[in-house]
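# Geometric and topological summary
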Amino acid sequence: MEREQLINSSISIIKLNQHPSGGYVASPLFPPYSYSWLRDGTFIANAMDRSMETESAELFYRWVHHVLKDKRPRVDALIRKQEAKEWIDRSEFFGTRYHLDGRDDLSEWGHFQLDGYGAWLWGLTEHIRITGHSELLNELRETIEITVDYLMTFWHFPNFDCWEEFPDYVHPATLACVYGGLKALGELENRAPLLEKAALIKKFIMDHAIYEGRFVKSIHCLGEVWQPALNGVDASLLWLAVPFGVCEVNDPIMLKTVQAIEADLKHGGIQRYVEDRYYGGGEWLLLTAWYGWYQAELGNREEAQRCLDWVMSKADKLGRLPEQVAESLRDPSSHPEWIAKWGEPALPLLWSQAMFLVLSDSLK
Ligand code: BGC
């Protein structure tokens, strides 16, 4: 399929799978993904903003408001418990995905994930930058402040990573989302406390999440000392540079991180992390697009174009992009079991379509 055609089908697929009230279904044909995630949703909305489909993006941000606006008593109760040093169970925190009509998802799921909350604040400020619709800040104020209070208080709590795993650790990619959200809103509204917290989060990452000159996948606090928990890299560490800017794309620590991603996780496409067993650990389209986006920002257009071509080669006749492909599997032995349990991977995955749009836009 040609690039323009795939751009058009990606936009159509995203629009067709947006609920009238604004939530994007993660994947319409993979039942466990029939919800709207704040993380996937924000990156999808951002891709729509970059594709001049700003109405779709705005509908999503209004949907987030619809989902979160009544949660003030809950966030206040959580903050009170934290101040009183009371134990807070993971299940008491906000969810990571919601029903399309905005209801909480009460199923068994790793719900305590902070990245989507930081990401949506960042995405909203990007939307306002692109459209000039600053009146949204007033309209969504209640939800913005609930999110700010939540992140300012709990940013350093161990929570599930962006792959919904390892809840006992803190993840630099998650911190990058929180940093990005607080910094972007702090700058837009000239709010010193938010900017100070963002600076603190950046310092925290730089002080505790570097091993052998590069970032690590996860950290934890042992005997009051923060240290690496999982020493290897995860491709989501790219988020520290693009889009959240914890460091520059050519920062030596980032360059060394990317070298490790290339050595350990790059084949034709990019895998998540070395120990990945989900689906046998395939190559992820959205991460390959992310890596291409990073390369484009670095000025390496040729490699970015190669990534775009690779992603495009995975589209089916309808222009649908899967979550991942079974190439260079990290653990082929766990693949048949996964297929027996789940069937084929999610197709289309809206987040894959979105990251294709972002990479394509970054090459313009
Ligand atoms: C991924 C998450 C994603 C969710 C929905 C999970 O398998 O690990 O990052 O948010 O699918 O796409």
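Residues numbered from 1 in each chain as written. Predicted model: local features only at pLDDT ≥ 70, side-chain atom pairs only at ≥ 80, totals over all residues. Heavy atoms only, no water.

## A word on the pattern of salt bridges
- Under the criterion given, the structure shown has 34 salt bridges.
- Note that R277 is salt-bridged to D331, the shortest N-O span being 3.4 Å. In this pair, R277 sits in the loop between helix 10 (252-265) and strand 7 (283-284) while D331 sits in the loop between strand 8 (324-325) and helix 13 (335-342), placing the two residues 54 residues apart along the sequence.
- According to the relative accessible area criterion, R277 is partly exposed, its value standing at 41%.
- Residue D331 is classed as buried on the basis of its relative accessible area of 17%. (Salt bridge = Lys/Arg side-chain N within 4 Å of Asp/Glu carboxyl O. Helix = DSSP H or I, 4+ residues; strand = E, 2+ residues; numbered from the N terminus. Buried < 20%, exposed > 50% of the residue type's maximum accessible area, 1.4 Å probe, protein only.)

## Considerations on the pairing of strand 5 (residues 218-222)
- Taken together, the five bridges between strand 5 and strand 6 (residues 225-230) define a ladder with antiparallel strand orientation. Note on strand 6: the bridge partner recorded for I219 is P228.
- As consecutive antiparallel partners, strand 5 and strand 6 are separated by two residues, and within that stretch G223 has a phi angle of approximately 55 degrees, a positive value. (Pairing = 2+ DSSP bridges.)

## Quick word on the site of the ligand
- Lining the immediate surroundings of the ligand are 13 residues, of which Y33, R39, D40, C162 and W163 lie closest.
- In the environment of the ligand, an oxygen atom lies 2.5 Å from a nitrogen or oxygen atom belonging to the side chain of Y33.
- In isolation the ligand exposes 310 Å². Once the protein is present, 97% of that is buried.
- When atom positions are compared with the pocket grids, the ligand is found to occupy the largest pocket.
- A class-by-class count of the residues in the shell around the ligand yields eight nonpolar, no polar and five charged. (Near = heavy atom within 4 Å. Polar contact = N/O pair within 3.5 Å; in protein donor to acceptor, adjacent residues only side chain to side chain. Areas by Shrake-Rupley, 256 points an atom, 1.4 Å probe, with all protein chains shown as cover. 1 Å grid on protein atoms, 1.4 Å probe; cavity = no way out; pocket = protein on both sides within 12 Å on 5 of 7 lines; lining within 4 Å. Sits in = over half its atoms within 2 Å of the grid points. Nonpolar A, V, L, I, M, F, W, Y, C, P; charged D, E, K, R; others polar.)

## Quick look at the packing of helix 2 (residues 38-50) against helix 14 (residues 350-362)
- Orientation of helix 2 relative to helix 14, taken along the N-to-C sense of each, is 40 degrees, at an axis distance of 8 Å. Seen along the crossing, helix 2 lies across helix 14 with a hand that is left-handed. Here R39, D40, F43, I44, A47 and R50 of helix 2 come into contact with helix 14, specifically with L350, W351, A354, M355, L357, V358, D361 and S362.
- Of the residues assigned to the contact of helix 2 with helix 14, the class counts are nine nonpolar, one polar and four charged. (Axes fitted to C-alpha atoms, helices over the stretch in contact; angles between N-to-C directions. Left-handed = near helix turned anticlockwise from the far one by under 90°. Contact = heavy atoms within 4.5 Å.)

## As for the UniProt feature "domain: GH15-like" (unreviewed entry) in the protein chain
- Under the local residue numbering, the UniProt record ascribes the feature "domain: GH15-like" (unreviewed entry) to residues 3-290.
- The annotated region residues 3-290 carries 50% helix and 7% strand content, and the separation between its end C-alpha atoms amounts to 17 Å. (UniProt positions renumbered as here; feature names shortened; annotations may be inferred.)

## Considering the environment of C177
- For C177, the location among the structural elements is in helix 8 (residues 172-189).
- On the basis of relative accessibility, which here comes to 0%, the residue C177 falls in the buried class.
- For C177 and D149, which are 28 residues apart along the polypeptide, the C-alpha to C-alpha distance reads 15 Å.
- Excluding residues that lie within four positions of it along the chain, C177 makes contacts with D115, G118, A119, W239 and F244.

## So, helix 9 (residues 192-208)
- With 17 residues, helix 9 should reach 24 Å at 1.5 Å per residue; the first-to-last C-alpha distance of 24 Å fits that figure.
- Against the buried residues of helix 9 lie helix 7 (141-154), helix 8, strand 3 (210-211), strand 4 (214-215), strand 5 and strand 6. (Expected span 1.5 Å × (residues − 1).)

## Concerning empty space enclosed by the protein
- Counted under the stated rule, the structure contains one cavity of 30 Å³ or more.
- In terms of lining residues, the largest cavity is bounded by D161, C162, H171, A173, K217, S218, D234 and S236.
- The residue inventory of the lining of the largest cavity, partitioned by class, reads two nonpolar, three polar and three charged. (Points joined across faces, edges and corners; volume = space filled by probe spheres on them.)

## Notes on the layout of surface pockets
- Looking at the largest pocket, its volume works out to about 450 Å³.
- Here the lining of the largest pocket gets three residues from one element, more than from any other, and that element is helix 13.

## Quick word on unusual backbone geometry
- Of note, the amide linkage connecting V242 to P243 takes the cis form, showing an omega dihedral of 5 degrees.
- When you line up the elements, P243 lands in the loop between strand 6 and helix 10.
- At the junction of L347 and P348, the peptide bond is cis and its omega measures out at -5 degrees in the coordinates.
- Relative to the assigned elements, P348 resides in the loop between helix 13 and helix 14.

## Some points on the packing of helix 8 against helix 9
- Where helix 8 contacts helix 9, the axes come no closer than 8 Å and their chain directions differ by 155 degrees. Accordingly, the angle class assigned to the pair helix 8 and helix 9 is roughly antiparallel. Judged by the twist between their axes, the crossing of helix 8 over helix 9 is left-handed. Residues P172, L175, A176, V178, Y179, L182, K183, L185, G186 and E187 of helix 8 touch helix 9, and the partners they reach there are L194, L195, K197, A198, I201, K202, F204 and I205.
- Each residue belonging to the contact of helix 8 with helix 9 can be placed in one class, and the counts come to 13 nonpolar, one polar and four charged. (Parallel < 35°, antiparallel > 145°, perpendicular 65-115°, else oblique.)

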